[in-house]
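# Remarks on the overall topology
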Amino acid sequence: MSNDMYSVEQVADLLGLHVRTVRGYIRSGRLRATRIGKQYRIARADLDALTGRPAVAATGPAAEVSSVLRLDGVDRAAADRLATLVLAGVNTHHDPDRPLRVQTVHDEERQRMTIMILGDLTATADLLRLVDGVLGGDNGLLGGGRG
């Protein structure tokens, strides 16, 4: 495993992004980073997780699953809350041996949210259980977000 550490500027150059975009990824939890003084440092493994590049091969058989969760009747506020919750769930239970890549998209016109998950079977199942738990019933996260 590589111990390379990158600055925000280096990551922006590597990915062809603006420095503010990379900082936004860090603040939103999309890119893990370590704060050292007033600057962030990004580990090679975390950069690889963001870009979808495979990490160092683990021993034994590995399985990965991709899931697409489509939710109708989701307004912008509810989509933002759910995206924050999902990303917090991924980052809180971050296991370097079982990384998850998650992308959320909200279609304002159709009031539809799509969550795409790629990763380990168990970690994906755990995340889907979390989403199911917060969406459950009228008291769920989206209960107030529907017309």
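One can find the structure itself at the top, above this paragraph.
Okay, so let's go over this structure. What you see is a predicted model, and the numbers here were worked out from it, not measured in a lab.

### Remarks on the sheet that holds strand β3 (residues 39-43)
Overall, antiparallel pairing links the three strands, which are arranged β1-β3-β2 in an open sheet. Edge positions in the sheet fall to β1 (5-7) and β2 (34-36), since each has one partner strand and no second. Across the sheet, the mean angle from the axis of one strand to that of its neighbour is 40 degrees, orientation sign disregarded. Two elements, β1 and β3, share three bridges in a ladder whose sense is antiparallel. When the sheet's bridge partners are listed, Y6 is paired in β3 with I42. Helix-sheet contacts for helix α1 (residues 8-15) involve β1 and β3, and the interaxial angle to β1 is about 90 degrees.

### A closer look at the environment of V11
As for its position among the elements, V11 is in helix α1. On the basis of relative accessibility, which here comes to 0%, the residue V11 falls in the buried class. It is 7.8 Å that separates the C-alpha atoms of V11 and L47, two residues lying 36 residues apart in sequence.

### A look at the pairing of β3
Of the two faces of β3, only the one carrying Y40 and I42 is buried; Q39, R41 and A43 on the other face are not. Where β2 lies against β3, three bridges are found, and the strand directions are antiparallel. From the neighbouring strand, T34 faces β3, where its bridge partner is R41. Joining the antiparallel neighbours β2 and β3 is a turn of two residues, in which G37 adopts a positive phi near 65 degrees.

Criteria and thresholds
Residues numbered from 1 in each chain as written. Predicted model: local features only at pLDDT ≥ 70, side-chain atom pairs only at ≥ 80, totals over all residues. Heavy atoms only, no water. Pairing = 2+ DSSP bridges. Helix = DSSP H or I, 4+ residues; strand = E, 2+ residues; numbered from the N terminus. Axes fitted to C-alpha atoms, helices over the stretch in contact; angles between N-to-C directions. Contact = heavy atoms within 4.5 Å. Buried < 20%, exposed > 50% of the residue type's maximum accessible area, 1.4 Å probe, protein only.

Honestly, that's just the spatial picture; any functional story needs more than this.
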